[in-house]
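Here are the chains, one letter per residue:
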Amino acid sequence: MNHLELKSILLVDDDESTNFINKVFINKLNLDIQVNTTLNGKEALSFLEKDKAYGENVSFVTPCLLILDINMPIMDGWEFLEAYEQKFNKEFKDKIIIVMVTISKDEKYEIEANNNSNVSEYIQKPLSDVKFEGIINKYFLEKQL
């Protein structure tokens, strides 16, 4: 697998406390990265579209890792993936690892996530610093942590 360098993470979850806790877990790993949050798929798409708008603006870093909740209002994880597939080219999508997460134990979610070419991994909530460390070690430069 071609490992990327982790520069930014986007947390997409409608529960603000979950986003906060996940940021705490990521901060425990002492990474020098941006961590941004959005509350639904629509906000996440708008956030990703900033890359097109800002181009080489150094204050905006395209997220390398996107943690995507499945069940959200306005635009859920599945709807986000459909729009993401249509809006962004392969070169852009190749720079982003998408990990789908859910509290649900319904097997159909895992099957559907594993069958989506834009999803790299499916993980059961709750997340933890150990789970984040595992994701980062798997998909990003080994010396990151």
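See above for the structure.
Residues numbered from 1 in each chain as written. Predicted model: local features only at pLDDT ≥ 70, side-chain atom pairs only at ≥ 80, totals over all residues. Heavy atoms only, no water.

Undergrad: Honestly, the sheet that holds strand 5 (residues 121–124) in this entry has me stumped. Any pointers?
TA: Remark on secondary structure: sheet strands pair via backbone hydrogen bonds, oriented parallel or antiparallel. The strand order across the open sheet formed by 5 strands is 2-1-3-4-5, and the pairing between neighbours is parallel. Edge positions in the sheet fall to strand 2 (34–38) and strand 5, since each has one partner strand and no second. When the angles between neighbouring strand axes are averaged without regard to direction, this sheet yields 20 degrees. Bridge count between strand 3 (residues 65–69) and strand 4 (residues 97–102): 5 bridges; the pairing is parallel. Among the inter-strand pairings, L65 is bridged to a residue of strand 4, identified as I97. Along the sheet, helix 1 (residues 16–27) makes contact with strand 1 (8–12) and strand 2, crossing strand 1 at roughly 155 degrees. Contacting strand 3 and strand 4, helix 3 (residues 77–87) runs over the sheet at an angle of about 160 degrees to strand 4. (Pairing = 2+ DSSP bridges. Helix = DSSP H or I, 4+ residues; strand = E, 2+ residues; numbered from the N terminus. Axes fitted to C-alpha atoms, helices over the stretch in contact; angles between N-to-C directions. Contact = heavy atoms within 4.5 Å.)

Undergrad: Would you explain the pattern of salt bridges in this entry?
TA: In a structure, side chains of opposite charge can pair up when their charged atoms sit close to one another. In total, this model carries 7 salt bridges according to the counting rule given. Among the ionic pairs, K87 bridges to E49, the shortest N-O distance being 2.9 Å. Residue K87 is found in helix 3, and its partner E49 is found in helix 2 (residues 41–54); the two are separated by 38 residues along the sequence. Here E85 and K93 are joined by a salt bridge, their closest N and O atoms 3.1 Å apart. With relative accessibility at 35%, the residue E85 sits in the partly exposed group. (Salt bridge = Lys/Arg side-chain N within 4 Å of Asp/Glu carboxyl O. Buried < 20%, exposed > 50% of the residue type's maximum accessible area, 1.4 Å probe, protein only.)

Undergrad: Sorry if this is basic, but what is going on with unusual backbone geometry here?
TA: Of all residues except glycine, most have a negative phi; of all peptide bonds, most are trans. In this model, K125 is joined to P126 through a cis peptide bond whose omega is 5 degrees. Relative to the elements of secondary structure, P126 occurs in the loop between strand 5 and helix 6 (129–139). In this model, N30 sits at a positive phi of 55 degrees, which is unusual for a non-glycine residue. Tracing the sequence through the fold places N30 in the loop between helix 1 and strand 2.

None of the figures reported here should be taken as evidence of function without further support.
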